[in-house]
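Inside the fold
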Amino acid sequence: MKRYNIAIVGASGAVGEELLIVLKQLNFPVKTILPLASKNSAGTYIEFDSRQYMVQELTDTVFDEHDVHIAFFSAGGSISEKYAKYAVKSGAVVIDNTSFFRMDDDIPLVVPEVNPDDIALWKNKGIIANPNCSTIQMVQALKPLDDLYGISRVDVATYQAVSGAGKEGMKELVTQLQEFFAFKLSDSKKQAFAHQIALNVIPQVDIPMPSGYTKEEEKMIHETRKILHKDIKVSATCVRVPVLRSHSEAVTVTFDIDVDVDIQKCREVLANFENMKLQDDLENSIYPMPTTATDTDDTYVGRLRKDIYDKNILHFFNVADQVRVGAATNSVRIAMLWIKEN
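In this text the structure is predicted, and so the values were computed from the model without any measurement.

Quick look at the overall build of the protein chain now. Counting its regular elements, the protein chain contains nine helices and 14 strands. In terms of overall size, the protein chain behaves like a compact globule, its C-alpha atoms giving a radius of gyration of 20 Å where 342 residues would be expected to give roughly 20 Å. Considering only C-alpha atoms, the protein chain reaches an extent of 65 × 55 × 40 Å along its principal axes. Evaluated residue by residue, the protein chain yields a buried proportion of 52% over its 342 residues. Within the structure as shown, the protein chain displays about 15800 Å² of accessible surface, and the carbon and sulfur contribution to it stands at 50%. For the protein chain, the distance from the average position of its 37 positive side-chain charges to the average position of its 47 negative side-chain charges is 3 Å.

Structure, rendered in C-alpha cells:
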C-alpha cells in the first residue's frame with residue numbers, strides 16, 4: 001500500500017491533536033507527518049506512532065520543501081485563505097476544516113457517508129472542504145430519512161459543547177466551575193464566551209448576521225442544502241451549553257405533505273446507516289448523550305417520535321463528538337475516500 005506524507009496545519013490545536021489520534025486509530029497509511037503552526041509553536045514536538053516530529057513554522061514554501069501529499073488545515077479561515085494555495089501549488093490536496101471554502105461552488109463540501117460522489121470535484125481547485133461540525137452530524141441523520149420519505153423542511157436547536165470554542169473554551173468552563181465551588185465565580189474573566197458559561201446556557205454561537213441569525217446558524221442552513229443537493233428549508237438555533245465535549249441537536253423534520261411517518265421504518269434506516277448508532281428506548285432511559293458519544297467516531301440518534309398533530313413530521317435527538325465526527329474523523333474519512341477514488 002502506498003503511504004502518504006501528511007501535513008497538519010494547526011497541529012498544536014484541539015483538532016490538530018485529534019487528527020493525530022484518528023489517523024492512528026483508523027490505520028491511515030502515513031509515511032511522515034509534517035506538523036505546522038505559528039512561529040510561537042515552532043520548535044515544540046508532537047508524537048505520532050512512537051515517533052517524534054518537530055513542529056515547524058507555516059510559511060509560503062514549507063510544502064514544496066517537504067513533498068506533502070495531503071494537507072489538513074485546522075488553524076482558522078484566514079490561515080486557510082492565505083496558505084492553502086501554496087499547498088495546492090506544491091501538488092498536495094488540501095482538506096480544509098475552516099469555513100472559508102465551504103460555500104465556494106467549485107469546491108466540494110463532503111461528508112463521506114452522505115455525498116461521496118462530490119469528492120471528484122476536488123480537481124477543480126485542489127481543495128476539499130470539511131463542513132461545520134453541527135452540520136455533519138445532522139446531515140448524517142437527514143440523508144437516510146430524505147432517501148426514505150423526502151424532506152421539505154428541517155428545524156434544529158443545537159446544544160453545543162464548549163470545546164467547539166477550542167482549548168480556551170474548555171479551560172474557561174473548568175475554571176468557572178472551580179471558582180463557583182470556591183465562591184469566587186463573580187470574579188471570573190470571560191474571554192471565550194460573552195457571558196458566564198458555567199451553570200448557564202448562551203443562545204449565541206458565533207457573530208450575529210443581518211438576517212437575525214448567527215453565523216453558526218447560517219452555516220448549518222446553507223451547508224445542509226449544498227451537501228444534500230436539495231433546496232430544503234432549514235432553520236437553526238445554536239446554543240452553547242456547559243458540556244466539555246460532544247454537540248447535541250434536537251431536530252424536527254417535515255417530510256413531503258403526503259407522507260405518513262412510520263417510526264419503525266425511520267428507526268431501521270437510521271440504524272442501518274453507516275457510522276450511525278440508534279439509541280431509542282425511552283422506557284429504559286436509553287438515548288444519545290454527550291457522555292456516550294465522546295471519544296467515539298459514531299453519530300448517535302434517538303428519541304424518535306411522530307408529531308402529535310402532523311403525520312408528516314418527525315422529531316429526534318442526535319449527539320456526536322464534534323472534535324472527532326465533526327472535524328478530525330470526517331477529515332480523515334475524506335482523505336481515505338480521496339485515496340480510494342484517486
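Take the pattern of salt bridges next. If the charged atoms of two oppositely charged side chains come close together, the side chains can form a pair. The final tally for this structure, using the stated rule, is 19 salt bridges. When the shortest N-O distance is used, the salt bridge between D49 and K24 registers 2.5 Å. One end of the pair, D49, is in the loop between strand 3 (45-48) and strand 4 (51-54); the other, K24, is in helix 1 (residues 14-25), and 25 residues separate them in sequence. Between D146 and K230 there is a salt bridge, with its nearest N and O atoms 2.6 Å apart.

What follows is about the nonpolar core. Among the nonpolar cores identified, the biggest contains 57 residues, and F63, F73, L142, F255, L314 and F316 are the most heavily contacted of them. Sorting elements by how many residues they give to this core places helix 4 (residues 133-149) first, with seven residues. L142 has contacts with I151, V154, T224, L228, V251, V253 and F316, leaving out every residue within four places of it along the chain. With 30 residues, the next largest nonpolar core counts V30, V93, V110 and V332 among its residues.

Turning to the side chain of S80, a few remarks are in order. Secondary-structure assignment places S80 in helix 3 (residues 77-89). Assessed through its relative accessible area of 0%, S80 is described here as buried. Setting aside its immediate chain neighbours within four residues, S80 contacts F73, D96, T98 and F101.

We now examine the packing of aromatic side chains. For the structure on display, the rule yields seven aromatic pairs. Plain terms: the ring middles of Y83 and Y86 are 6.3 Å apart, the flat faces sit at 55 degrees to each other, and that makes the pair tilted. Of the two residues, Y83 and Y86 are both situated in helix 3; the distance of three residues between them amounts to about one turn of the helix. Residue Y83 is classed as buried on the basis of its relative accessible area of 11%.

To continue, consider helix 6 (residues 215-228). Counted at 1.5 Å a residue, the expected span for helix 6 with its 14 residues is 20 Å, and the 20 Å between its end C-alpha atoms agrees. For helix 6, every residue scored as buried is listed here: E216, E217, E218, K219, M220, I221, E223, T224, K226, I227 and L228. In this fold, the buried residues of helix 6 make contact with helix 4, strand 9 (151-160), strand 10 (233-240) and strand 11 (247-255). The positive-phi residue at the C-terminal boundary of helix 6 is H229, with phi of around 55 degrees.

Parameters at a glance
Residues numbered from 1 in each chain as written. Predicted model: local features only at pLDDT ≥ 70, side-chain atom pairs only at ≥ 80, totals over all residues. Heavy atoms only, no water. Helix = DSSP H or I, 4+ residues; strand = E, 2+ residues; numbered from the N terminus. Rg over C-alpha atoms; globule rule 2.2 N^0.38 Å. Buried < 20%, exposed > 50% of the residue type's maximum accessible area, 1.4 Å probe, protein only. Areas by Shrake-Rupley, 256 points an atom, 1.4 Å probe, with all protein chains shown as cover. Lys, Arg positive; Asp, Glu negative; His and termini not counted. Charge placed at Lys NZ, Arg CZ, Asp CG, Glu CD. Salt bridge = Lys/Arg side-chain N within 4 Å of Asp/Glu carboxyl O. Core = buried A, V, L, I, M, F, W, Y, C linked by side-chain atoms within 4.5 Å. Contact = heavy atoms within 4.5 Å. Phe/Tyr/Trp six-rings, centres within 6.5 Å; stacked < 30°, edge-to-face > 60°. Expected span 1.5 Å × (residues − 1).

Note that every value here comes from positions in space, so none of it alone points to a role or purpose.
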